[in-house]
Every structure is written in structure tokens, then in C-alpha cells.
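Descriptive analysis of the structure
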Amino acid sequence: MTCSYLGILGKHRMKIAIILPTYNEKENIEILIPKLEVEIKNIKKHDFEILVVDDNSPDNTASAVNQLQKQYKNLHLVSGEKKGLGVAYLRGASYAIDKLKADVLIMMDADLSHPPELIAELMKGIDEGYDLVIGSRYVKGGATPDWNLRRRVISKVGNSFARIIAGMYKIHDCTSGYRAIRTSVYKKVNTKNLSTKGYAFISTLLYELFSVGARAKEVPLVFYDRKYGDTKLKSKDMMEFFFNSFRLRFKSSKRMIKFAAVGGSGIFVNLGIFTLAKNVLYPLYGRTNMTLLASSLTGDEISIIYNFLLNHYWTFRGVTSKEHILKKLAKFHIVALTSVVINNAVLFFLHIGFGLTDVVAKFIGIIIAFIWNYLLNVKWTWREKIQ
Ligand code: GDD
Ligand code: MN
């Protein structure tokens with residue numbers, strides 16, 4: 001399925017919306033738009049629309065865009081109140097999806113820091129089948145040549161926060177505003193989760209895209225400093241970003257804590273059912289030497305179903321998946337079985353192989369099996385397949 005899908009992707013003509021948030025970027029936008037138009041004309045495979053998301057800039061960026069619209073039919077403008085970069089991005093993405101019917105969103109700064117030539121690279125990644133392609137300053141070939149030490153340190157520290165605290169180790173540039181996102185994956189993200197108002201939106205969206213299973217790639221970005229106007233990044237944005245990184249971390253550990261709590265309470269359900277079955281239920285049919293095994297398996301099965309339902313409606317609530325609940329239940333069983341295998345393999349390996357006390361070996365087995373069980377359920381049982 002995935003392979004044939006990737007094959008088709010390359011040939012499929014898509015609608016791409018380039019979203020440019022602007023606040024006082026009149027001089028820059030007048031230079032950028034014609035450059036962009038040339039660039040996208042050279043990418044014949046797809047159809048491009050350019051969308052300027054302006055917040056009633058006092059320098060009249062909007063009227064400069066209106067002027068350019070006479071020449072370029074694929075140029076659009078949405079104006080709104082200034083509430084922050086994140087709010088502007090959200091507005092732009094909704095417009096691009098609802099009105100422009102975009103298959104891919106490209107987010108890009110309007111101050112000429114993001115070279116238009118990189119659009120071809122971003123699109124190449126999308127055509128390869130990635131859902132998210134990031135212009136990255138921190139991979140080989142990427143750079144920020146114009147930045148002074150202070151700016152470099154701030155950006156590096158910010159990135160380390162997103163990588164280490166928020167847990168997005170895999171990505172080297174988590175705060176890059178230059179990226180292409182497949183709309184089908186963006187739509188899976190609950191917009192309620194994108195509540196960060198300012199620049200923190202960039203890392204928040206990244207986090208949320210990963211939690212709905214986005215496949216990502218980074219391409220090198222050489223980021224040049226703006227020539228006209230000033231940066232709009234305020235310390236308020238930095239504070240929001242800082243606290244938000246912890247919020248994101250807590251969000252993912254919260255899920256694991258819930259999962260562990262469900263599993264822990266499941267032990268008691270298992271024991272309760274086991275006792276009930278062994279002493280009350282099965283003796284009704286006469287006590288045989290199968291009673292013990294049957295009661296034990298009944299306890300296991302009921303506790304698996306109990307665990308599944310609680311995880312489905314509580315731990316993983318809001319993780320939308322088109323897959324039928326029974327199919328998920330089947331997957332959950334398979335994961336549980338593999339966990340039992342792992343648990344016992346670790347026990348034997350450590351006890352027999354390494355001479356560790358059996359209880360300690362079993363304990364380590366349980367911990368490893370739990371982590372395995374959790375990760376597999378996150379990545380397989382509840383994660384929506386990317387078609
Ligand atoms: N509509 C709207 N509303 N646009 C905004 C707002 C806002 O409140 N705030 C900023 N922008 C626009 C700017 O006009 C510009 O086009 C783009 O967003 C980026 O803003 P800059 O002010 O140029 O940001 P920067 O160069 O300091 O920040 C760069 O580095 C950050 C940290 O790595 C950008 O690449 C950011 O994307 C990046 O997060
Ligand atoms: Mn900038």
C-alpha cells in the first residue's frame with residue numbers, strides 16, 4: 001500500500017500554498033513576490049498559490065500586495081488583527097485549506113531570510129513521500145552567516161530546549177519557520193492543541209505533527225539576515241517558547257503516566273476476576289484440573305479488555321484513527337503477547353545467563369516489557385496510518 005502510494009505521489013499534481021506571514025514587510029514583500037513567482041514557475045510539476053497573511057501592518061504591506069495582485073493572479077491576501085505569529089499562521093493555514101484547497105502548505109518568512117530557491121528542495125522531499133520537510137540551519141550545509149554570537153546562542157539554546165526538553169531529538173532545527181507540510185497530515189492535528197500565540201507555534205506544530213505520525217526530513221537552509229525592517233521576535237515570545245517546551249514534555253509524559261496507571265489498576269482487575277472465576281464461576285461446572293488455568297486466562301483476557309478500553313477512551317483520547325476499534329483491540333492483544341515474550345526472555349537471559357536474582361531479573365523484565373508495550377501501542381495500535 002505504502003509503496004504504490006509513494007509511486008503515485010511523484011506523478012500526482014498537487015496544489016501548493018505558500019504562506020507568508022507579514023507584519024511591516026512592505027519593502028521585503030515587493031522584492032520577494034516577483035522572485036517567488038519566477039521560482040515557482042520553474043517547478044512545473046505542481047500548481048502554486050501565494051498567500052500573504054498580514055495583520056493590518058501600519059506600513060501598508062497590504063496595499064503593496066494589492067498592487068502586486070494586479071500582475072499575479074495566484075497571489076492572495078488575508079488580513080486580520082495582530083495577535084501574534086502563531087495566530088497568523090493558523091489563519092493562513094485555514095484559508096489555504098478551505099479556500100485554496102491546498103494539498104501542501106509551505107510556511108516561509110517574508111523578510112528575504114528564507115531563500116526562494118529552497119522551495120524546489122522542500123517540494124522534492126514532499127514528492128519523495130515525506131509529510132514534513134524542514135529548511136534546517138543546523139544540518140550539514142545549513143548556516144546563519146549573518147548572525148552575531150548573541151543571536152546564535154539564543155537560537156541554539158532555543159533549539160536545544162525544543163530538542164531535549166520537549167523531546168524532539170530527531171530534528172536539528174525545531175524552530176525553523178521555513179517548511180513544507182502535507183495538508184492531509186496537518187488536518188489530523190487538533191487545532192485546540194495549537195494554542196501558542198507567538199513564535200512558539202513553530203515548535204508546537206512540529207510536536208503535534210509528530211504525534212499524528214508525520215514523517216519528516218530536513219534539508220539545509222542558509223539563513224540570511226533581513227536587510228529591511230526589524231525582527232518581530234519579542235522577549236514575550238521567548239518566554240512563551242520556554243514554558244511551552246516544558247508543557248510539551250509534560251504532555252507526552254502525562255500519556256505514559258496514564259498508561260502505567262491503567263496497567264497498574266489492571267493487575268487488580270486481573271486478580272479479582274481470577275479469584276471470582278476460580279472460586280465461584282467455574283466450580284459451578286464442576287472443579288477440574290483445568291479450573292486454575294481457565295481462571296487465570298479469564299483474568300488475563302478480561303484485564304486486557306479493561307486495559308484496552310481505558311486506554312482507548314482515556315489515555316489515547318483525541319488520537320484520531322480511522323481504524324476499527326476491534327482491529328485496535330486485536331493489535332493490543334498482539335502487543336500484550338509480545339510483551340510477555342520479552343518479559344520472559346529478559347528474565348531467563350538475566351537470571352540464567354547472568355546469574356541475577358530471579359526477582360530482580362523479573363523486575364527488569366517487567367520494566368523493559370512495559371516500555372516496549374507502551375511504545376508499540378503508541379506507534380502501532382493507536383497511531384493512524386498515513387495513507
Ligand atoms: N502576520 C504576522 N503577525 N506576521 C508576523 C508576526 C505577527 O504577529 N510576527 C512576525 N511575523 C512575520 C514577519 O513579518 C516575518 O515575515 C516572519 O513572520 C518572521 O518574523 P521575523 O521577525 O523576521 O523573525 P526572525 O527573523 O527574528 O525569526 C526567525 O528565526 C526564528 C527563530 O529561529 C524566523 O525564521 C522564525 O521563523 C524563527 O522561529
Ligand atoms: Mn526574520
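See the structure above.
A brief structural summary. Since the structure is predicted, the reported quantities are computational estimates derived from the model, not experimental observations.

This part is about the packing of helix 2 (residues 26-41) against helix 3 (residues 61-69). Contact geometry of helix 2 with helix 3 gives a least axis separation of 8 Å together with a crossing angle of 20°. Between helix 2 and helix 3, the crossing angle belongs to the class labelled roughly parallel. With respect to the hand of their crossing, helix 2 and helix 3 are arranged in right-handed fashion. Here Lys-26, Ile-29, Glu-30 and Ile-33 of helix 2 lie close against helix 3, whose contacting residues are Thr-61, Ala-64, Val-65 and Leu-68. When grouped by side-chain class, the residues that make up the contact of helix 2 with helix 3 number five nonpolar, one polar and two charged.

Judged by pairing direction, the sheet is mixed, and its seven strands sit side by side in the order 3-2-1-4-6-5-7 without closing on themselves. Each edge of the open sheet is held by one strand with a lone partner, namely strand 3 (75-79) and strand 7 (216-220). Between one strand axis and the next, the sheet turns by 20° as a mean value, whatever way the strands run. Alignment of strand 5 (residues 132-136) against strand 6 (residues 179-182), held across three bridges, turns out to be antiparallel. Residue pairing in the sheet places Val-133 in a bridge with Ala-180 of strand 6.

Attention now moves to the site of ligand 1. Taken together, the neighbourhood of ligand 1 is formed by 25 residues, with Glu-25, Asp-55, Asp-109, Thr-231 and Lys-232 sitting nearest. Within the side chain of Asp-109, one N or O atom sits 2.6 Å away from an oxygen atom of ligand 1. The protein chains hide 96% of the 740 Å² of surface that ligand 1 would expose on its own. Of all the cavities here, the one that holds ligand 1 is the second largest pocket. The residue inventory of the shell around ligand 1, partitioned by class, reads 10 nonpolar, six polar and nine charged.

The next subject is the layout of surface pockets. Quantified by volume, the largest pocket comes out at close to 1400 Å³. Looking at the lining of the largest pocket, the elements with two or more residues in it are helix 8 (200-211), helix 9 (235-281), helix 10 (291-315) and helix 12 (358-381). Ranked by residue count, the leading element in the lining of the largest pocket is helix 9, at eight residues. A breakdown of the residues in the lining of the largest pocket according to their chemical character gives 17 nonpolar, eight polar and 11 charged. Taken as a whole, the second largest pocket holds about 1200 Å³ of empty space.

Criteria and cut-off values
Residues numbered from 1 in each chain as written. Chains lettered and ligands numbered in written order. Predicted model: local features only at pLDDT ≥ 70, side-chain atom pairs only at ≥ 80, totals over all residues. Heavy atoms only, no water. Axes fitted to C-alpha atoms, helices over the stretch in contact; angles between N-to-C directions. Helix = DSSP H or I, 4+ residues; strand = E, 2+ residues; numbered from the N terminus. Parallel < 35°, antiparallel > 145°, perpendicular 65-115°, else oblique. Left-handed = near helix turned anticlockwise from the far one by under 90°. Contact = heavy atoms within 4.5 Å. Nonpolar A, V, L, I, M, F, W, Y, C, P; charged D, E, K, R; others polar. Pairing = 2+ DSSP bridges. Near = heavy atom within 4 Å. Polar contact = N/O pair within 3.5 Å; in protein donor to acceptor, adjacent residues only side chain to side chain. Areas by Shrake-Rupley, 256 points an atom, 1.4 Å probe, with all protein chains shown as cover. 1 Å grid on protein atoms, 1.4 Å probe; cavity = no way out; pocket = protein on both sides within 12 Å on 5 of 7 lines; lining within 4 Å. Sits in = over half its atoms within 2 Å of the grid points. Points joined across faces, edges and corners; volume = space filled by probe spheres on them.

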